[in-house]
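# Residue-level structure breakdown
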Amino acid sequence: MSEHRPESRLHGDDLTLAYDERVISQDLSVSIPDGSFTVIVGPNACGKSTLLRALSRMLKPTAGTVHLDGELITRYATKEAARRLGLLPQTSIAPDGITVADLVSRGRYPHQKMFRQWSAADSQAVAEAMTDTGIADLKHRRVDELSGGQRQRVWLAMVLAQQTPILLLDEPTTFLDIAHQVEVLELCHDLYSRLGRTLVAVLHDLNHACRYATHLIAMRDGRIVAEGRPGDVVTEQLVQDVFGLACRVVDDPETGTPLVVPAARRRAAVPAQA
């Protein structure tokens, strides 16, 4: 069993993760550094989202344990777990006709009790979440009328309204164009750096992961191949081993973080036209 730093509020020990008889990971241990923006990367079907589902208790491990704040995550009541950990799943579907404000308000459900319904604190949490995600001016709009980037910010606002110290985001930039991808990731970085949240995200784009993550977990075939600061672990050999991609790793001219440049294929010279 691996050892975990005392400050790690969320970690898994010796996990076996499977869907029915199909085993995705075995003997997998992971510790999420508290106060980090941790990004999980790897090729398709390597177990990234499966690991995130296990950490959020959406998937029960076949073996091993997940701990949250020093307790087995399964020991928490559903609402108590949702006050400690928020999850933005890979696909989210809003009810037909719901407004932005109403959807974001659903993030306050874990704080509702039988004798304590909606309060001024709930209203403030929703307003702050919409302000932090830049959607306050959209609060009366229907969610199904919004662009993909706007909808993603609405879902982020709903998770933020839970006011959890830990946020898990499963591919938050999927289906977004590059401008909206950067917009969402800048927002995630702001949540980590300004609001002090611990974020864990699954991303497909390695260069985005290198630019925004403070802690990187690289996976392949259900195993963690490397983890640490992007500048310490992302090398040409790692990219070859994890993604099977020949490349050069250079400094990003904007941030100084690793920038992966795929190797160019050699092409036959095109004859000059007469």
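Residues numbered from 1 in each chain as written. Predicted model: local features only at pLDDT ≥ 70, side-chain atom pairs only at ≥ 80, totals over all residues. Heavy atoms only, no water.

### Some points on the packing of helix α4 (residues 120–132) against helix α5 (residues 148–161)
Their axes nearest at 8 Å, the elements α4 and α5 cross at an angle of 140°. Compared by their axis directions, α4 and α5 come out oblique. Both α4 and α5 take part in a crossing whose hand is right-handed. For the pair α4 and α5, the contacting residues are Ala 125, Ala 129, Met 130 and Asp 132 in the first and Ala 157, Leu 160 and Ala 161 in the second. (Axes fitted to C-alpha atoms, helices over the stretch in contact; angles between N-to-C directions. Helix = DSSP H or I, 4+ residues; strand = E, 2+ residues; numbered from the N terminus. Parallel < 35°, antiparallel > 145°, perpendicular 65-115°, else oblique. Left-handed = near helix turned anticlockwise from the far one by under 90°. Contact = heavy atoms within 4.5 Å.)

### Quick look at the sheet that holds strand β10 (residues 223–228)
The strand order β6-β7-β8-β3-β9-β10 describes an open sheet built from 6 strands, whose pairing is mixed. Edge positions in the open sheet fall to β6 (85–88) and β10, since each of these has one partner strand only. Each strand of the sheet is rotated relative to its neighbour by a mean of 15°, with strand direction disregarded. Bridging between strand β3 (residues 37–41) and strand β9 (residues 215–220) involves 4 bridges; their strand directions are parallel. Within β9, the position partnered with Val 41 by the bridge is Ala 218. Of the strands in this sheet, β3, β6, β7 (166–170), β8 (198–202) and β9 touch helix α1 (residues 48–55), which is tilted by about 150° from β7. (Pairing = 2+ DSSP bridges.)

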